[in-house]
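Structure at a glance
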Amino acid sequence: MRVSRLLRSVAVCALVVVTFELAARHFGWLDPTEQDDPYMGFPGTSPLYRVERAADGSEVFSRSPNKVNYRAASFPVEKPPREFRVFCVGGSSVRSDAFLAPDASFPHLLEIYLSGLLADRVPRVMNSGGGGTGSIQNLEVVREVLDDQPDLLVIYPEGGEKNFVPPLPQGIMARADDDSPLRVFARRYLARLRVYDAVRLAYQELLPRPRKGTLSASAFSALALAAVAQPFSPTTFTRLFELKQDRAPALMPHPIPAEEVEHAHERFERNLAVMAELAREAGVPILFVQPLRNTKSSFYLRFHIDPSEIRGGDVDGWRAAYEAGLADKRAGRWGRAAAELRGVRAFYVEDRDEILAFDIAECLEHLGRFDEAQAEYAKPYLEHPMHELISQAGAEQGVPIVDPFPALVEIADHGIPGYDLFTDAFHPMPATSRIIALAIVDEVRRLGLGGRQRPESDAAFEVAERQVQDIIQRSPTPKANLMLRAILAGDYDQAVRVGRSIPEDVLLEASLTESLYLGWALSKSPDLTAARAFFARLRAKQWKPWLVPPKLDTDEDMVRNAFAGDSFAWF
Amino acid sequence: MTDAQPSPSPPPTPPGAAPRPKRRWLRGLLREVLLPTAVLVGLLAIAVALIEGPPLQQFLYAIF
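Owing to the predicted nature of the structure, the values given are computational and were not obtained by experimental measurement. (Residues numbered from 1 in each chain as written. Chains lettered and ligands numbered in written order. Predicted model: local features only at pLDDT ≥ 70, side-chain atom pairs only at ≥ 80, totals over all residues.)

1. Some details on the nonpolar core
In this structure, Cys88, Leu110, Val154, Ile155 and Ile440 of chain A are the most contacted members of the largest nonpolar core, which totals 138 residues. Not counting residues up to four positions away in its chain, the partners in contact with Val154 of chain A are Val86, Cys88, Val89, Leu287, Val289 and Ile440 of chain A. Formed by six residues, the second largest nonpolar core is a distinct cluster that contains Ala191 and Tyr196 of chain A together with Leu44 and Val48 of chain B. (Core = buried A, V, L, I, M, F, W, Y, C linked by C-beta atoms within 7 Å. Buried ≥ 20, exposed ≤ 12 C-beta atoms within 10 Å, placed from the backbone. Contact = placed C-beta atoms within 7 Å.)

2. What to know about the environment of Glu111 of chain A
Residues and elements named next belong to chain A. Tracing the chain through its elements places Glu111 in helix α3 (residues 106-117). On the neighbour-count criterion, Glu111 (22 C-beta atoms within 10 Å) is buried. Once residues within four sequence positions are removed from consideration, Glu111 is found in contact with Pro123, Arg124 and Val125. (Helix = DSSP H or I, 4+ residues; strand = E, 2+ residues; numbered from the N terminus.)

3. Points about the interface of chain A and chain B
A common way to express how large an interface is: the accessible area buried when the components associate. Across the contact, 16 residues belong to chain A and 13 residues belong to chain B. Only α1 (2-27), α5 (169-179), α6 (181-190) and α7 (194-206) of chain A provide two or more residues apiece to the side of chain A that touches chain B. Residue contributions to the side of chain A that touches chain B peak at five residues, all from α1 of chain A. Residue composition of the side of chain A that touches chain B, grouped by class: nine nonpolar, two polar and five charged. (Nonpolar A, V, L, I, M, F, W, Y, C, P; charged D, E, K, R; others polar.)

4. What about the pairing of strand β4 (residues 83-90) of chain A?
Residues and elements named next belong to chain A. For β4, a buried count of seven out of eight residues is recorded, marking the element as mostly surrounded by other parts of the structure. Where β4 meets strand β5 (residues 122-129), eight bridges bridge the pair, whose relative direction is parallel. Pairing of Cys88 across the sheet is with Asn127, part of β5. Sheet topology note: the β4/strand β6 (residues 152-156) ladder contains five bridges and is parallel. Residue Gly90 lies in a different strand from β6, and its bridge partner there is Tyr156. (Pairing = 2+ DSSP bridges.)

5. Concerning the environment of Leu272 of chain A
Residues and elements named next belong to chain A. You can see Leu272 is positioned in helix α10 (residues 258-282). For the pair Leu272 and Ala73, spaced 199 residues apart in sequence, the C-alpha to C-alpha distance is 25 Å. Setting aside residues up to four positions removed in sequence, Leu272 forms contacts with Ser135, Pro157, Phe288 and Ala393.

6. Let's talk about α10 of chain A
Residue and element names in this part refer to chain A. Look at α10: 36 Å from first C-alpha to last across 25 residues, which is about the 36 Å you get at 1.5 Å a residue. Taken together, the buried positions of α10 are occupied by Ala264, Phe268, Asn271, Leu272, Met275, Ala276 and Ala279. Its buried side turned inward, α10 meets α4 (135-145), β6, β8 (286-289) and α15 (385-397). Looking one or two places after α10, you find Gly283, whose phi comes out positive at around 70 degrees. (Expected span 1.5 Å × (residues − 1).)

7. A closer look at the sheet that holds β4 of chain A
Residues and elements named next belong to chain A. Spatially, five strands are ordered β5-β4-β6-β8-β10 in an open sheet, and the strand pairing comes out parallel. The strands lining the two open edges of the sheet, one partner per strand, are β5 and β10 (401-402). Inspection of the sheet shows β6 paired to β8 by three bridges, in the parallel sense. Across the sheet, Leu153 pairs through a bridge with Ile286, a residue of β8. With respect to the sheet, α4 is in contact with β4, β5 and β6, its orientation differing from that of β4 by roughly 160 degrees. (Axes fitted to C-alpha atoms, helices over the stretch in contact; angles between N-to-C directions.)

8. Details of the packing of helix α19 (residues 479-488) of chain A against helix α22 (residues 512-523) of chain A
Residues and elements named next belong to chain A. In contact at an axis separation of 9 Å, α19 and α22 are set at 20 degrees when each is read in the N-to-C sense. Classed by the angle they form, the pair α19 and α22 counts as roughly parallel. Where α19 crosses over α22, the handedness of that crossing is left-handed. Along its contact with α19, which presents Lys479, Ala480, Met483, Leu484 and Ile487, the element α22 presents Thr513, Glu514, Tyr517, Trp520 and Ala521. Residues that form the contact of α19 with α22 fall into these classes: seven nonpolar, one polar and two charged. (Parallel < 35°, antiparallel > 145°, perpendicular 65-115°, else oblique. Left-handed = near helix turned anticlockwise from the far one by under 90°.)

9. Digging into the sheet that holds strand β1 (residues 49-53) of chain A
All names here are of chain A. Spatial strand order, β1-β2-β3: three strands in an open sheet with antiparallel pairing. The sheet is open, and its two edges are formed by β1 and β3 (74-76), each paired on a single side. Recorded for the sheet is a direction-independent mean angle of 35 degrees between the axes of neighbouring strands. Pairing of strand β2 (residues 59-63) with β3, which is carried by three bridges, proceeds in the antiparallel orientation.

In structure tokens form, the structure reads like this:
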């Protein structure tokens, strides 16, 4: 009697769940592809591509409406027989949102080059790069697109990993997921149910709202917030950008605990390994690409030294040697400065001083010793821990590593890739995306993928190259890049002209980077009237009384609160 | 002595009053549908709290 009642209750529950689930799907309630993603792309996230019906009635995959940090895309669910389908997975360098029209991202250029290479297949390269994503989100995308009949996966693992450090929200979630793999497993499956979604939403309504405005993931937004919270001063705009210019790094304990860095590195390598294993199981070739960086950008270079890094604790000797070298550099005594700054290295147990290499490189470049300068500029990039981790993951998993850096050096002025090849510290200009695409094509050729391949001398390559060059020519240089290059060249008037060409309401509302560069350029004028007036308008637009500005009073504060603990040095 | 007592019968409806409605269907609905559904929602809520909320040990620590 009791058993039959229990069975009846279970049947009723199942009926309720099934009825709700069917009704929700039929009427489009709680569609996870249309709501804000509660999991920030982590396991349990809604699919990046959802099935829709095209105008001709066929089924196509379209980028889900809530995945706005990825490029819009549409491709047939049923792969045409001759199609060679490639997914390029990564972050903002893959997405390349500064070059949307014409599409000058490396996945698109890769598609053009592959059309020259492959004789019998029609390449379709999907841009699956999402702004601000790291290996956790990349892995979820890989899991998904392996079901979409790929012929090749290209992984471009870049700086999004820095967001996985607590107390950033993704860092908290990443740590909680690492501590409870069972929760990740359950979420991955249960989050597909609308009934689960309904209960989750109700649960979240009951939780206290997180405070907003206390955490800032970007140095630019931290500076802007701190700047508009205080009265104007001559250094309001300049201090962030000139913080590291000819100055010794702060002597302070590592702001990010070593255990946290190690944990995040292990996770990164594990995620790359899982991507490789999943691809191997599915029989899909996979490539890892070494992400590129602007070697002439000092903005995100590490600007602190832990006292334990100084040999024998000789802090005074270290500081004196550093200051002597910087004094000569400021005075333009380049040869002496380079020699003295190189001498600073003797004070380190192991030299990981990125800003020191940059200072030495600048001296050598002034002396015209370009080969040596190139080596110094490239040192922080080539010795970066992620570089080594990617190589290691590739070697352990038998995944080919594509390294576009040597080819980039070949096209760079004096062999030093700088702001003419990158929009900022990381994001590639179209010419750099071309180099990445060509490096991948070389690997596709070497691996013999995609069936019959045309020889390099084939006319189809010329056609592809012309198409790519046309895209590069038609891609306007981002204004932020033009402004920064003008400022670095000392042409402040030009930077102001470019900044003023942006409508001011757009500038103050939506173009934070350009606003700060304009403030910086205006602050270089002996008369600060224009800078002060611009600050007043920026403050009127951006300042809200409930915002909590980060503390940026000292160099240590800047490292901790503007540069997220120098997280770019590790990730 | 062993005679069973007659079970108490409901009081007779006063003459002219409307007959008392039978509530058996309501009780049945409560017992057979709403109760299991409430239990199901409760279980789902616990599952959501365990999966989405803070780790269990942290949760228990906060309570005790």
